[in-house]
Amino acid sequence: MSFNTVTSSFKVTRRRRAPLAEAARVGLIAGAALVAFALIGAYAAMDKRHVVEDLLTLSQIACGLMVFAAGYATARDGRSGPAAALLHGLVAGAVAGACLALLVWLTVSVNLRATLVAASPALARALSLGAPVASTQALAQLPVLGALLAGLGAAVGLLPPAGRHAMTTGLGVVLVAGLFRDVFASMLDNLPDFTGPEIELFGPSGLNPGAAPVLFAAGAAFSLLRRRLTRRAGVPRSGASRLGSALLVAGVLVLPLVTNDFVAQVAMLVALYMLMGMGLNIELGLAGLVDLGFVAFFAVGAYTVALMCSSGPLAVADVSFWLALPVAIVLAACAGLLFGLPVLRVRGDYLAMATLGLGEIIRVLVLSDALGPYLGGSQGIIEIRHPSLFGLELKSPASLYYLALALAAVVAFVSWRLQHAKIGRAWLAMREDEDVAQALGIDPVASKLLAYTIGAAFAGAAGAVFAALIGSVYPHSFQLLVSINVLAILVIGGLGSLPGVLVGAIVLIGLPELLREFGEFRYLFYGIALVAMMHVRAEGLWPAAHARENVQPENAHA
Amino acid sequence: MSDAARSATEPGALAEWLRRSTWVDHILLAIRIGVAALVLVGLAGGLTAGTYSAADFASFALFGLTIGSIYALIALGYTMVYGILRMINFAHGDVMMVGSFAGLFAAGALNDVGIVSAWPLLALPLVLAAGMAAGALVSIAIERIAYRPFLHVRSLAPLICAIGMSFILQYAARGLFGTRNRAYPGFGWMEGTIGAFGLTIPIPQVVAFAAALIVLAGLLAVVKLSRLGKAMRAVAEDRDAAALVGIDVSAVIVATFAIGGAMAGVAGVLYALVFKQITVFMGFFLGVKGFAAAILGGIGNLGGALLGGLVLGLAEALGPALILEGYGLPAPYQLKDVIGYGMLVMILIFRPQGLLGERLAAKRA
């Protein structure tokens with residue numbers, strides 16, 4: 001698991017090109033990304049969403065950001081003076097824009113639709129940006145626009161750090177406000193005696209054009225102000241991150257109260273994936289076991305609750321959710337024990353494949369006609385009763401969100417304690433080097449088995465809540481994709497880090513649900529995110545404490 | 001009588017085993033016995049039930065050999081990459097899907113100019129070449145993105161990157177080519193059946209099987225006889241030493257990925273010939289099956305990949321009829337995948353070195 005164990009002295013070195021060639025190369029990469037973005041159908045799908053009312057759509061912003069990033073990257077190369085860097089940025093942008101123009105021309109003049117379904121006249125129309133379709137003007141404006149945007153990116157890249165930070169903060173504020181218009185608008189709606197502003201701030205689908213520059217200026221000013229304040233007061237970074245965590249917790253607690261049911265539903269899903277994420281975190285993050293059959297335990301928990309709390313024909317009992325929950329957890333843990341015993345002697349990549357096979361076996365079995373009379377086959381089990389608390393039925397998304405959140409809090413506490421207990425240290429030791437750990441007297445089979453069983457139990461709890469939330473379970477809810485989702489959450493958030501699970505779940509589950517146009521491409525985004533994280537920031541968005549210590553040894557542990 | 005004789009002759013061995021083994025070994029032994037009993041009881045039931053005739057079984061077996069040869073082609077990619085990098089290329093199954101789609105578009109283009117129906121024997125190699133080229137290109141891209149940056153460190157990064165690449169390939173293909181099933185064009189006379197030994201065999205099955213064997217033989221020749229093959233074996237043996245004697249290790253690794261990807265491309269086209277329908281999501285699970293075949297034959301062993309593929313194909317084709325039918329289960333063919341995945345899990349647990357068990361680096365397994 002450690003990211004720096006050298007296994008071979010053989011290294012691959014990268015050739016450095018001349019700055020102008022490098023700029024052209026960056027431009028080509030950006031152009032390829034733009035063309036791919038258009039051809040997978042993302043451009044057309046996201047073009048319907050206005051981030052700034054009647055001015056900028058989501059897809060235009062996405063493309064703009066790609067070109068902007070290309071310009072920024074060329075300028076940050078740092079091998080040439082400001083004027084040359086700016087010129088290189090312009091070149092990169094022009095190249096990227098030219099790639100897109102070529103695509104438009106090809107779409108119109110050659111019929112590509114038999115092969116590439118997205119290369120439609122609609123795409124050419126959208127990419128012509130209002131000019132006559134595929135006219136000289138439409139084709140010429142793309143490289144020019146690209147050069148301008150990339151030049152802007154290069155200019156930002158050349159600014160001193162304070163200015164750069166202010167610019168990116170301002171852009172970020174506008175983007176977040178525009179993208180999550182629904183969330184903010186519903187929050188403003190729920191504020192008492194405060195009915196006016198959302199009309200001025202937000203239009204029917206995005207920001208109002210007048211509000212965008214104001215927000216940008218506010219974000220940039222805030223960044224500059226904060227920078228000056230922190231420098232003067234000398235506040236250490238840990239204080240800032242503590243404030244960040246406090247804000248995060250407060251936001252998590254009040255979120256469904258101040259927004260609408262849809263957001264509460266999304267928050268509920270996030271909490272559910274956090275539960276599962278913490279389960280897999282024990283297995284993968286602490287003990288280093290790559291488990292791709294994790295969804296099987298989720299299924300065990302869900303089917304247990306479904307069979308015990310349903311009034312349908314397949315139910316074996318009709319008891320309270322609170323009675324079924326412990327049973328589900330215990331059964332999932334037993335399944336973990338049963339699976340883990342044989343499988344845990346294989347290591348690394350092999351374990352991933354073995355668990356994947358086990359998870360698929362469970363899914364195929366549940367789906368088959370052979371077990372159909374007991375588990376409902378592809379019809380699933382329906383009419384699962386909602387849990388009730390003190391005679392109050394937990395039915396609304398918000399109340400179910402708090403149920404999942406409470407369970408997640410318990411699980412987080414348990415895994416936090418486990419992590420710092422003797423067994424947690426044993427897991428970490430085993431993850432770093434199994435042979436050394438064994439030599440130190442750690443029983444690898446027993447500690448792995450414990451990790452696997454506890455992880456399975458957490459997944460079972462998540463499955464139980466899932467069944468209660470949805471009110472029905474189907475085999476199709478338990479595909480391999482769920483395991484991959486959870487794996488991605490951990491990798492993005494940071495392996496072995498509990499706050500990382502929260503961050504990962506928000507980024508990977510919450511955002512795609514809130515950005516509906518984006519949801520269609522979420523798995524593509526997951527794949528890109530997994531690859532990018534491994535290349536850029538292998539320790540995750542919110543790394544575990546020990547990973548951070550490795551990076552900054554001088555930073556004293558609080 | 002025999003029990004007494006055995007306990008008299010080898011009391012030491014049994015006692016020794018009991019003394020050395022742990023509770024985990026006992027449970028594993030129990031699982032072994034349980035699985036063996038399940039298979040034997042099912043086999044007895046299946047043979048006595050008499051639902052299927054001998055001809056049925058023969059045609060199942062032929063089908064099993066066809067799909068098995070496709071598994072074997074996929075398994076080759078896993079085995080070659082594993083032999084050199086000691087890592088599993090998780091995205092390999094999706095390389096096969098890409099090859100299949102490339103073949104589809106090539107076949108479509110050839111069909112439009114009329115070559116497919118006029119000279120099917122000329123069209124097939126062209127389509128195969130398109131699949132091979134696409135597979136090799138995608139495989140090289142995977143190596144570039146997911147493996148090369150992490151060559152000198154040991155970590156989970158390549159595995160996670162490869163899982164990411166697999167998703168990128170699947171969902172990019174979904175966006176590019178659409179979600180609906182695509183049908184391969186017919187290859188003229190190759191669509192018929194031939195009768196032999198009282199059986200009716202679809203010609204695509206025969207063609208696929210023969211093509212798989214030819215490609216495999218070509219690959220074996222490359223690895224055993226050519227200079228590149230020699231370099232590959234050297235890099236597999238010791239990467240540092242190979243670099244010391246002047247072998248371009250990077251180039252050899254790229255060539256290995258390219259050849260593995262080309263094999264997957266062939267597998268994709270042959271799969272499409274036999275099954276006619278392809279989707280963008282077919283690659284992943286066929287990849288898992290190919291991996292199972294590679295493990296079954298002994299990973300790192302080219303002949304083993306062929307053997308493993310054929311055994312897995314036969315087991316999946318015959319298993320439901322022979323074993324599951326014996327338990328009187330409804331619709332046993334739904335559980336075909338259970339047999340495939342079950343074999344994967346069992347092999348990984350009990351015989352990770354595979355059937356043709358070469359050495360297995362226990363450190364990495």
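Residues numbered from 1 in each chain as written. Chains lettered and ligands numbered in written order. Predicted model: local features only at pLDDT ≥ 70, side-chain atom pairs only at ≥ 80, totals over all residues. Heavy atoms only, no water.

Colleague: Any chance you could explain the overall build of chain B here in plain terms?
Modeller: Of regular secondary structure, chain B possesses 15 helices and five strands. When the backbone C-alpha atoms are referred to their principal axes, chain B occupies close to 80 × 60 × 40 Å. Across the 365 residues that make up chain B, the buried fraction comes to 54%. Put simply, of all contacts in chain B between residues at least 6 apart along the chain, 77% involve residues at least 24 apart. Carbon together with sulfur atoms contributes 69% to the accessible area of chain B, which is approximately 14900 Å² in total. The averaged location of the 17 negative side-chain charges in chain B is 7 Å from the averaged location of its 23 positive side-chain charges. (Helix = DSSP H or I, 4+ residues; strand = E, 2+ residues; numbered from the N terminus. Buried < 20%, exposed > 50% of the residue type's maximum accessible area, 1.4 Å probe, protein only. Contact = heavy atoms within 4.5 Å. Areas by Shrake-Rupley, 256 points an atom, 1.4 Å probe, with all protein chains shown as cover. Lys, Arg positive; Asp, Glu negative; His and termini not counted. Charge placed at Lys NZ, Arg CZ, Asp CG, Glu CD.)

Colleague: I would appreciate a short explanation of the overall build of chain A in the present structure.
Modeller: Looking only at helices and strands, chain A has 25 helices and five strands in total. Counting across all 558 residues of chain A, residues that qualify as buried make up 52%. In chain A, of all internal contacts separated by at least 6 residues, the share reaching a separation of at least 24 is 74%. Of the accessible surface of chain A, which amounts to about 24700 Å², a share of 68% is contributed by carbon and sulfur atoms.

Colleague: What is the right way to look at the packing of helix H12 (residues 261-286) of chain A against helix H21 (residues 480-493) of chain A in this model?
Modeller: The relative placement of two packed helices comes down to the angle between their axes together with the axis-to-axis distance. Residue and element names in this part refer to chain A. Closest axis-to-axis distance for the H12/H21 pair is 9 Å, and the angle between their directions is 75 degrees. Of the possible angle classes, the one that applies to H12 and H21 is roughly perpendicular. Seen from H12, the contacting residues are Tyr-273, Met-276, Gly-277, Leu-280, Asn-281 and Leu-284; seen from H21, they are Val-482, Asn-485, Val-486, Leu-487, Ile-489 and Leu-490. For the contact of H12 with H21, a count of residues per class yields nine nonpolar, three polar and no charged. (Axes fitted to C-alpha atoms, helices over the stretch in contact; angles between N-to-C directions. Parallel < 35°, antiparallel > 145°, perpendicular 65-115°, else oblique. Nonpolar A, V, L, I, M, F, W, Y, C, P; charged D, E, K, R; others polar.)

Colleague: Could you clarify how one ought to interpret the state of the cysteines in this entry?
Modeller: Disulfide: a covalent bond formed between the sulfur atoms of two cysteine residues. Enumeration according to the criterion identifies zero disulfides over all chains in this entry. Among the cysteines around Cys-99 of chain A, which has no disulfide bond, Cys-63 of chain A carries the closest sulfur, lying 12 Å off. (Disulfide = S-S within 2.5 Å.)

Colleague: Can you walk me through the pairing of strand S4 (residues 199-202) of chain B in this structure?
Modeller: One face of the sheet, then the other: side chains in a regular strand alternate in exactly this way. Residue and element names in this part refer to chain B. Side-chain alternation along S4 places Leu-199 and Ile-201 on a buried face and Thr-200 and Pro-202 on a face that remains uncovered. Inspection of the sheet shows strand S3 (residues 193-196) paired to S4 by four bridges, in the antiparallel sense. Its bridge partner lying in S4, Gly-195 is registered against Thr-200. (Pairing = 2+ DSSP bridges.)

Colleague: Please explain the nonpolar core as it appears in this structure.
Modeller: Residues and elements named next belong to chain B. Leu-73, Phe-90 and Leu-270 are the most contacted members of the largest nonpolar core, which has 282 residues in total. Other than its neighbours up to four places away in sequence, Leu-73 contacts Ala-212, Val-215, Leu-216, Met-263, Ala-264, Val-266, Ala-267 and Leu-270. Judged by nonpolar contacts, the second largest core, of six residues, contains Leu-318, Ala-321, Leu-322 and Ile-323. (Core = buried A, V, L, I, M, F, W, Y, C linked by side-chain atoms within 4.5 Å.)

Colleague: What's the story with the interface of chain B and chain A in this structure? I'm lost.
Modeller: By a widely used convention, the size of an interface equals the accessible area lost when the partners come together. Every contact between the two is made by 69 residues of chain B and, on the other side, 62 residues of chain A. Regarding the contact of chain B and chain A, the summed buried area is about 5900 Å², with carbon and sulfur atoms giving 74% of it. Among the secondary structure elements, those contributing two or more residues to the side of chain B that touches chain A are helix H3 (23-49), helix H4 (54-85), strand S1 (153-154), helix H8 (157-177), helix H11 (239-244), helix H12 (249-275), helix H13 (282-297) and helix H15 (336-350) of chain B. In terms of residue count, H8 of chain B provides more of the side of chain B that touches chain A than any other element does, 15 residues in total. Its residues assigned to classes, the side of chain B that touches chain A comprises 51 nonpolar, eight polar and ten charged. (Buried area = accessible area lost by both parts, 1.4 Å probe.)

Colleague: Looking at this model, I keep getting lost on a positive patch on the surface. Mind explaining?
Modeller: All names here are of chain B. Together, Lys-224, Arg-227, Lys-230 and Arg-233 give the surface a local cluster of positive charge. Looking at the positive patch, the element that brings in the most residues is helix H10 (residues 227-237), giving three residues. Relative to the helices and strands, Lys-230 resides in helix H10. (Patch = residues over 30% accessible without salt bridge, like charges linked within 9 Å, V, L, I, M, F, W, Y side chains within 5 Å. Salt bridge = Lys/Arg side-chain N within 4 Å of Asp/Glu carboxyl O.)

Colleague: Explain the packing of aromatic side chains to me, please; I cannot follow it from the model alone.
Modeller: What characterises a pair of aromatic rings is the spacing of the ring centres plus the angle enclosed by the ring planes. Residues and elements named next belong to chain A. Per the counting criterion, the structure on display carries 30 aromatic pairs over all chains. Seen in terms of ring centroids, Phe-294 and Phe-297 are 6.4 Å apart; in terms of plane orientation they differ by 90 degrees. Their pairing is edge-to-face. Per residue, the accessibility class of Phe-294 equals that of Phe-297, and both read buried. Consider the rings of Phe-297 and Tyr-452, whose centres lie 5.7 Å apart with planes at 90 degrees: the pair is edge-to-face. With Phe-297 in helix H13 (residues 295-308) and Tyr-452 in helix H20 (residues 444-470), this pair connects stretches of sequence that are 155 residues apart. Of the two residues examined, Phe-297 and Tyr-452, each falls in the buried class. (Phe/Tyr/Trp six-rings, centres within 6.5 Å; stacked < 30°, edge-to-face > 60°.)

Colleague: I tried to follow the confidence of the model for chain A on my own but got confused; where do I start?
Modeller: Residues and elements named next belong to chain A. Residues at a pLDDT of 70 or more form 90% of chain A, whose mean pLDDT is 80. Across residues 1-6, where pLDDT falls below 50, the model places 18 contacts with residues more than four positions away in sequence or in other chains. Per-residue pLDDT stays below 50 along residues 549-558; that stretch engages in three contacts with residues further than four places along the chain or on separate chains. (pLDDT = per-residue confidence, 0-100.)

Colleague: Just checking my understanding: could you explain a nonpolar patch on the surface for this structure?
Modeller: All names here are of chain B. A cluster of nonpolar side chains, Leu-14, Trp-17, Leu-18, Leu-29 and Ile-33, forms an exposed patch at the surface whose accessible area comes to about 490 Å². Within the residue set of the nonpolar patch, elements represented by two or more residues are helix H2 (11-20) and H3. For the nonpolar patch, the element with the most residues is H2, which contributes three residues. Take Leu-18: it is sitting in helix H2.

Colleague: Looking at this model, I keep getting lost on the domain arrangement of chain A. Mind explaining?
Modeller: All names here are of chain A. For chain A, the assigned domains read domain 1 (16-158), domain 2 (163-187 + 197-229) and domain 3 (250-551). When each unit is reduced to the centre of its C-alpha atoms, the spacing between domain 2 and domain 3 is 35 Å. At the interface, six residues of domain 2 touch eight residues of domain 3. Both sides together, the interface formed by domain 2 and domain 3 hides about 600 Å², and carbon and sulfur atoms give 73% of it. Inspection of the region where domain 2 meets domain 3 yields zero salt bridges. (Domains from an automatic or database assignment.)

Colleague: Quick question: what am I supposed to make of the pattern of salt bridges here?
Modeller: Once the charged atoms of two side chains with opposite charge are near each other, the side chains can pair. Residue and element names in this part refer to chain B. Across all of its chains, the model carries nine salt bridges over all chains by this definition. We note a salt bridge from Lys-289 to Asp-337, for which the minimum N-O separation is 2.9 Å. Taken as a pair, Lys-289 in helix H13 and Asp-337 in helix H15 lie far apart in primary sequence, 48 residues in all. Under the relative-accessibility criterion, Lys-289 is labelled buried at 6%. By sharing partners, the salt bridges in this structure join Lys-289, Glu-316, Lys-336 and Asp-337 into a single network.

Colleague: Which parts of the structure should I look at to understand helix H5 (residues 92-112) of chain B?
Modeller: Since the α-helix packs 3.6 residues into each turn, any two residues three or four apart lie on the same face. Residue and element names in this part refer to chain B. The end-to-end C-alpha distance of H5, which contains 21 residues, comes to 31 Å, matching closely the 30 Å that a straight helix rising 1.5 Å per residue would cover. Summarising burial for H5: 16 of the 21 residues are buried, a large majority. Trailing H5 by a residue or two, Gly-114 shows a phi angle of about 90 degrees, which is positive. (Expected span 1.5 Å × (residues − 1).)

Colleague: Teacher, can you tell me more about the environment of Arg-20 of chain B here?
Modeller: If you trace the backbone, Arg-20 of chain B turns up in helix H2. Linking Arg-20 of chain B and Leu-122 of chain B, residues 102 residues apart in sequence, is a C-alpha distance of 63 Å.

Colleague: Would you mind going over the environment of Tyr-147 of chain B with me for this structure?
Modeller: All names here are of chain B. Within the secondary structure layout, Tyr-147 lies in helix H7 (residues 120-147). For the pair Tyr-147 and Ile-253, spaced 106 residues apart in sequence, the C-alpha separation works out to 9.8 Å. At a separation of 2.7 Å, a polar atom in the side chain of Tyr-147 contacts the main-chain carbonyl oxygen of Ile-88. (Polar contact = N/O pair within 3.5 Å; in protein donor to acceptor, adjacent residues only side chain to side chain.)

Colleague: Which parts of the structure should I look at to understand the side chain of Asn-485 of chain A?
Modeller: Relative to the assigned elements, Asn-485 of chain A resides in helix H21. Reaching out from Asn-485 of chain A, the side chain makes a polar contact with the side chain of Tyr-273 of chain A at a distance of 3.2 Å.

Colleague: What exactly am I supposed to notice about the confidence of the model for chain B here?
Modeller: As a note on interpretation, predicted positions should not be read in detail where pLDDT is low. All names here are of chain B. For chain B, the mean per-residue pLDDT works out to 82, and 92% of the residues sit at or above 70. Within chain B, helix H1 (residues 2-9) has the poorest average pLDDT of any element, 49, and H12 the best, 91. Throughout residues 1-7 the model reports pLDDT below 50, and contacts reaching past four residues in sequence, or to other chains, amount to one contact. A low-confidence stretch, residues 360-365 (pLDDT under 50), is modelled with 20 contacts involving residues beyond four sequence positions or located in other chains.

Colleague: Sorry if this is basic, but what is going on with unusual backbone geometry here?
Modeller: Backbone geometry follows two general trends: most residues other than glycine have a negative phi, and most peptide bonds adopt the trans configuration. Residue and element names in this part refer to chain B. In the Ramachandran plot, Arg-86 falls in the positive-phi region, its phi being about 55 degrees despite a non-glycine side chain. In this fold, Arg-86 is placed in the loop between H4 and H5. What makes Arg-86 buried here is its relative accessible area of 19%. The phi dihedral of Lys-276 is positive, around 70 degrees, even though this residue is not glycine. Mapped onto the fold, Lys-276 is located in the loop between H12 and strand S5 (277-278).

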